[in-house]
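So you can see what is in the structure, the chains are spelled out below.
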Amino acid sequence: MKNQSPLVISFEFYPPKSREGAVNLQQSALALDAMTPDFFSVTFGAGGSTREGTIDIVKTLQEKTRTAVAPHISCIGFNREGLVSVLRQYKSLGVKRIVALRGDLPSGMGSIGEFKYASELVKLIREETGDYFHIEVAAYPEYHPQAKHALSDVLNLKRKIEAGANGAITQYFFNPDAYFYFLEECAREQIFIPIVPGIMPIMHFSKLMRFSETCGAEIPRWLYKRLEAYGDDVESIRQYGIEVVHHLCQRLIVGGAPGLHFYTLNHAELSLQILQQLDINSMRMNEKVYEAIKN
Ligand code: FAD
């Protein structure tokens, strides 16, 4: 199932709310399966709001595709017992990789619970399941919005690694320098796990702006102005978005990023076009080409 390619490619989905959404997700997953990714990941609503939905999608992806599935777990709003029961379920499904997060509790939805930070969740997973799971955690090249200061966020990543994380996936960004400077900061703190950039294909201008505001991802002025200028012309936004994100991915790979994690929003098309333009499969197949690009 796992290929030996040097670049780790993964695609993220979220549990759909409707029957139509479920059909769309299956079609997207089948199209992306053909790219032989290393894994699909499935998000988990904070406080367990999509607990059953996430598990159902994990099962469906396992049945319908050849790709390994890595569910996300967010600990906020949960107690130990609840988290252990989710872990057991994943273990029984043969899941080997987990993305461990804190999550953000929607306003008005219960209390924070026993677990305040993702590092505590990673510790719990190791205490309960030893080395069974490969654990990915979140990292923030432009820093998490609630971080007291930049360095404390880097130290938080270090805390998650000390608790047992094997790798990290970043929040999306459009400025590759943010990622490369972040890697330098990590190296200064002796953080050497693979940190895979999260890639957000550009689908809608206003949605992207809203979401970026919440999660602390910067939309550079040049990108903002250009997307704004397209107005309601969705097709031009997508075409320009493919060009921008393709160029970003190219710079990340040339700069030595260990892989790419696509936030697909359950749509295959944009991620596929970006990967095809990168000619990712020949790149992954051919170690020599990869090394040449890297050096
Ligand atoms: P943490 O690592 O716990 O950090 C949260 C904040 O607390 C940071 O500002 C950190 O600096 C600070 N902090 C941590 N420890 C301490 C401490 N001891 N003292 C003081 N401050 C501290 N959300 C979901 O709900 N479901 C998902 O499936 C999901 N998937 C995601 C996937 C990826 C790849 C990414 C990047 C994010 C995802 N998120 C998801 C969003 C994530 O849950 C939010 O960004 C959340 O606000 C932080 O989660 P975290 O795991 O980074 O938290």
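This text gives an overview of the structure that appears in the document. Values in this document were obtained by computation on a predicted structure and should not be read as measured data. Sequence order as written defines residue numbering, which begins from 1 separately in each chain. Note on the predicted model: pLDDT of at least 70 is required for a residue's local features to be given, and 80 or more for side-chain atom pairs to be given and counted; whole-chain, interface and lining totals, by contrast, use all residues. Working from all heavy atoms in the structure, the side-chain values ignore hydrogens and water.

A word on the overall build of the chain
Short version of the rule: Secondary structure follows DSSP: runs of H or I at least 4 residues long count as helices, runs of E at least 2 residues long count as strands, and numbering of each begins at the N terminus. The size measure is the radius of gyration over C-alpha atoms, and the globule rule it meets is 2.2 Å times the number of residues to the 0.38 power. Partly exposed residues are those whose accessible area sits between 20% and 50% of the maximum for their type, while under 20% is buried and over 50% is exposed, using a 1.4 Å probe and protein chains only. For this analysis, residues touch if any pair of their heavy atoms sits within 4.5 Å. Only the protein chains shown count as cover for residues, and all accessible areas are computed by the Shrake-Rupley method using a 1.4 Å probe. Counted as positive: Lys and Arg. Counted as negative: Asp and Glu. His and the chain ends are not counted at all. Taken as the charge centre is NZ of Lys, CZ of Arg, CG of Asp or CD of Glu, depending on the residue.
Within the chain, the secondary structure is distributed over 12 helices and eight strands. Taken over the C-alpha trace, the chain has a radius of gyration of 18 Å; the compact-globule value for 295 residues is 19 Å, and the two agree within 12%. Principal-axis analysis of the C-alpha atoms places the extent of the chain at approximately 50 × 45 × 45 Å. Across the 295 residues of the chain, 50% fall into the buried class. Put simply, 80% of the contacts in the chain that link residues at least 6 apart link residues at least 24 apart. With an accessible surface of roughly 14100 Å², the chain has 51% of that area assigned to carbon and sulfur atoms. Between the mean site of the 31 positive side-chain charges and the mean site of the 33 negative ones, the chain shows a separation of 3 Å.

Overview of the packing of aromatic side chains
Selection rule: Ring pairs are drawn from Phe, Tyr and Trp, using the six-membered ring of Trp, whenever the two centres fall within 6.5 Å, and their geometry is named by plane angle: stacked under 30 degrees, edge-to-face over 60, tilted for the rest.
Overall, the coordinates contain 13 aromatic pairs when judged by the stated rule. Judged by centre distance (5.7 Å) and plane angle (35°), the ring pair of F11 and F262 falls under tilted. Of this pair, F11 sits in strand β1 (residues 8-13) while F262 is found in strand β8 (residues 259-263), placing the two residues 251 residues apart along the sequence. Judged by relative accessible area, F262 falls into the buried class, the value being 0%.

Re the pattern of salt bridges
Selection rule: A pairing counts as a salt bridge when a side-chain nitrogen of Lys or Arg comes within 4 Å of a carboxyl oxygen of Asp or Glu.
Counted according to the given criterion, the structure contains eight salt bridges. The partner of R80 in a salt bridge is E128, and the shortest N-O contact between them spans 3.1 Å. Here E128 lies in helix α4 (residues 118-129) and R80 lies in helix α3 (residues 80-92), a separation of 48 residues in the sequence. Judged by relative accessible area, E128 falls into the partly exposed class, the value being 36%. Through salt bridges that share partners, R80, K123, E127 and E128 make up one connected network.

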